[in-house]
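# Structural description and commentary
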Amino acid sequence: MLRYQENNELHRNFHGSTDNAMRFVEKTCGREALKEVLRKTGRDVYKSIREKLARGDASELIEHLCWFYYRENAPFKLEVSENEIRFEVLACPAHVHMKKMGLEPAPFNCLQTEEVNAGMCEGTPWTSAVEHIGPDHCVQIFRKEPSK
Amino acid sequence: MIPSDHFVRFYNEVFKFLDTRGLLQAYFDDVARYAASRNLEKFKKGGLQAVYDHYLVIRKEENCDLDLEFGDGELHSYMRKCPSLSKVLDNDASASPHYCLHCPGWSLPVNTAAGLYEVYDLMEPDVPHCESWLYDDADRAVKKYRELIAAVPVSRVRTNIPPALLEDAGKE
């Protein structure tokens with residue numbers, strides 16, 4: 001079950017605001033500081049997902065990915081096996097919407113995915129990675145250490 | 001991707017981080033520049049009507065419980081339940097004590113550049129409600145400011161009325 005149950009209107013322009021916030025932190029405090037803020041967001045805001053991952057329960061992570069990308073009309077493919085989750089986003093809704101707004105995503109815009117996912121996995125048997133297939137196309141991968 | 005639904009919880013993390021670096025006001029100034037890049041021309045051209053139209057869209061898209069009264073040279077907004085602060089409070093991470101300041105942080109500079117005068121009552125920073133009045137006439141804004149600071153602590157009031165016009169405010 002999702003900790004945050006948003007299911008009403010969407011304000012997609014917030015993708016531009018996220019990008020603007022990332023640019024400000026990167027410009028004033030550096031790339032590592034930006035990663036720190038994003039990772040903390042993953043770790044603290046998504047505490048519920050992280051604590052479930054620590055217990056071996058990936059259900060909220062999977063529901064989170066599917067629900068919020070579905071809400072943003074993103075085409076995606078999900079593959080789940082015992083120790084791996086592969087979530088392929090064929091057209092990133094954040095990038096698609098920013099381009100509609102006439103904005104170009106920052107070159108480091110995808111750090112939001114990489115670092116937030118890493119924060120969700122902190123202190124759990126899971127690790128995360130992102131394979132970039134194209135500018136708006138990636139695969140988010142979560143791998144669990146095999147049980148001994 | 002941070003879902004657009006969850007942007008404000010990330011925003012809150014940015015505020016807390018930048019506050020530790022003494023950069024929160026600089027960030028609000030940056031947000032105002034960004035907001036101006038999206039809205040200033042339409043506010044300049046359309047005045048109060050354009051701001052009202054903008055708020056109608058925001059009220060819907062951001063799921064605001066917001067009363068808007070527009071007419072006779074005044075746009076009065078009463079946010080009964082702010083969706084932004086509500087999400088920040090409904091959050092496993094802690095809320096920035098300065099979260100509410102981002103709203104006047106962008107609106108006051110943008111309205112100043114658009115030639116509009118705003119009087120903003122932040123109310124309580126940990127309760128998701130606030131109230132503002134917007135005018136294209138400075139005298140009416142000063143009158144509202146005087147009424148407001150006579151009724152509530154001045155510490156919770158923000159305005160972009162030029163200081164010279166406020167020198168005698170509250171002395172009547």
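Residues numbered from 1 in each chain as written. Chains lettered and ligands numbered in written order. Predicted model: local features only at pLDDT ≥ 70, side-chain atom pairs only at ≥ 80, totals over all residues. Heavy atoms only, no water.

### Describing the state of the cysteines
Residues and elements named next belong to chain B. Here is the rule we go by: Count a disulfide wherever a pair of cysteine sulfur atoms falls within 2.5 Å. The cut-offs for exposure are 20% and 50% of the maximum accessible area for each residue type, with area from a 1.4 Å probe on protein chains only; residues under the lower value are buried, those over the upper are exposed, and the others partly exposed.
All told, the structure shown has 0 disulfides over all chains when counted by the stated rule. Looking at C82, it has no disulfide partner, and the nearest cysteine sulfur is the one in C103, 6.4 Å off. According to the relative accessible area criterion, C82 is buried, its value standing at 17%.

### A short note on the confidence of the model for chain B
Heads up, the rule is: pLDDT expresses how confident the predictor is about each individual residue, on a scale running from 0 to 100.
Across chain B, pLDDT averages 95, with 97% of residues at or above 70. Reported confidences for the modelled complex are a pTM of 0.94 and an ipTM of 0.96.

### Some remarks on the packing of aromatic side chains
Formally: Between rings of Phe, Tyr and Trp, where Trp is taken as its six-membered ring, a pair exists when centres lie within 6.5 Å; planes separated by under 30 degrees are stacked, by over 60 edge-to-face, and by other angles tilted. The numbering of helices and of strands both runs from the N terminus, where a helix is a DSSP run of H or I of at least 4 residues and a strand a run of E of at least 2. In this scheme, the term charge over a ring applies when either NZ of a lysine or CZ of an arginine sits within 6 Å of the ring centre and within 35 degrees of the ring normal.
This structure, assessed with the given rule, holds 14 aromatic pairs over all chains. Taken together, a centroid distance of 5.3 Å and an interplanar angle of 45° make the contact between F15(B) and Y99(B) tilted. Of the two residues, F15(B) is situated in helix 1 (residues 7-20) and Y99(B) in the loop between helix 3 (83-89) and helix 4 (102-113); the sequence distance between them amounts to 84 residues. Aromatic ring contacts, followed pair by pair, group F14(A), F24(A), F7(B), Y11(B), F15(B), Y27(B), F28(B) and Y99(B) into a single cluster. Positioned above the aromatic ring of Y4(A) is the side chain of R9(B), whose terminal nitrogen or guanidinium carbon lies 3.8 Å from the ring centre.

### A look at the interface of chain A and chain B
Put simply, the rule is: In what follows, residue pairs with any heavy atoms lying within 4.5 Å of each other are defined as contacts. Here's the idea: put two parts together, see how much 1.4 Å probe accessible area each one loses, and the total over both is what we call buried area. The rule for a salt bridge is simple: a side-chain nitrogen of Lys or Arg has to be within 4 Å of a carboxyl oxygen of Asp or Glu. Side-chain atoms alone can form a polar contact between residues adjacent in sequence; in general such a contact is a pair of N or O atoms within 3.5 Å, and within protein one must be able to donate a hydrogen while the other accepts it.
With 45 residues of chain A at the interface, the matching set in chain B holds 33 residues. Of the roughly 3,700 Å² buried at the junction of chain A and chain B (both faces included), carbon and sulfur atoms supply 59%. Its largest share of buried area at the contact with chain B, chain A owes to E9(A), F14(A) and F24(A), together 17% of the area lost on that side. Our count for the contact surface shared by chain A and chain B stands at 7 salt bridges. Here D92(B) and R3(A) are joined by a salt bridge, their closest N and O atoms 3.3 Å apart. Remark: the boundary between chain A and chain B carries 19 residue pairs in polar contact (both at pLDDT 80 or more).

### Here we look at helix 6 (residues 111-121) of chain A
Burial analysis of helix 6 of chain A places 10 of its 11 residues in the buried class, the great majority of the element. Where helix 6 of chain A terminates, the next one or two residues include G123(A), which has phi positive at roughly 75°.

### Concerning the nonpolar core
Cut-off, in case you're wondering: Residues grouped as a nonpolar core are buried Ala, Val, Leu, Ile, Met, Phe, Trp, Tyr and Cys residues, joined through side-chain atoms within 4.5 Å.
Membership of the largest hydrophobic core comes to 77 residues, with the highest contact counts inside it found for V25(A), L38(A), L61(A), F10(B), V14(B), L18(B) and Y27(B). The dominant element in this core, judged by the number of residues it contributes, is helix 2 (residues 24-61) of chain B, at 13 residues. The residues touching L18(B), leaving out its near neighbours within four places in the chain, are F24(A), V25(A), T28(A), C29(A), L23(B), L24(B) and Y27(B). One finds V119(B), Y135(B), Y145(B) and V152(B) within the second-largest nonpolar core, a separate group that totals 11 residues.

### Looking at the pattern of salt bridges
All names here are of chain A. Scanning the model with the defined rule gives 25 salt bridges over all chains in all. Here K40 makes a salt bridge to D44, at a shortest N to O gap of 2.9 Å. In this pair, K40 and D44 both sit in helix 2 (residues 31-45), 4 residues apart, roughly one turn of the helix. Owing to a relative accessible area of 27%, K40 belongs among the partly exposed residues under this scheme.

### Considering the environment of C103(B)
Within the fold, C103(B) resides in helix 4. Spatially, the C-alpha atom of C103(B) lies 13 Å from that of F15(B), the residues being 88 residues apart in sequence.

### Remarks on the layout of surface pockets
As a reminder of what qualifies: Method remark: on a 1 Å grid restricted to protein atoms, a set of points is classed as a cavity if a 1.4 Å probe fits but cannot get out and as a pocket if it is open with protein on both sides within 12 Å along at least five of seven lines; lining residues have an atom within 4 Å of a point. Grid points are joined across faces, edges and corners, and a volume is the space filled by probe spheres set on the points. When residues are sorted by character, Ala, Val, Leu, Ile, Met, Phe, Trp, Tyr, Cys and Pro go into the nonpolar class, Asp, Glu, Lys and Arg into the charged class, and all the rest, Gly among them, into the polar class.
Volume-wise, the largest pocket comes out at about 990 Å³. If you go around the largest pocket, you meet 46 residues; those closest to its centre are H54(B), I58(B), E62(B), C103(B) and W106(B). Breaking the lining of the largest pocket down by element, the ones donating at least two residues are helix 1 (14-29) of chain A together with helix 1, helix 2, strand 2 (74-81), helix 3, helix 4, strand 3 (117-121) and strand 4 (130-135) of chain B. If one sorts the elements of the lining of the largest pocket by residue count, helix 2 of chain B sits on top with 12 residues. Taken together, the residues of the lining of the largest pocket break down into 28 nonpolar, 12 polar and 6 charged. By volume, the second largest pocket amounts to about 410 Å³. Lining of the second largest pocket is provided by 24 residues; of these, E6(A), N8(A), N63(B), P83(B) and K87(B) occupy positions nearest its centre. Looking at the lining of the second largest pocket, the elements with two or more residues in it are helix 1 and helix 3 of chain B. Ranked by residue count, the leading element in the lining of the second largest pocket is helix 3 of chain B, at 4 residues.

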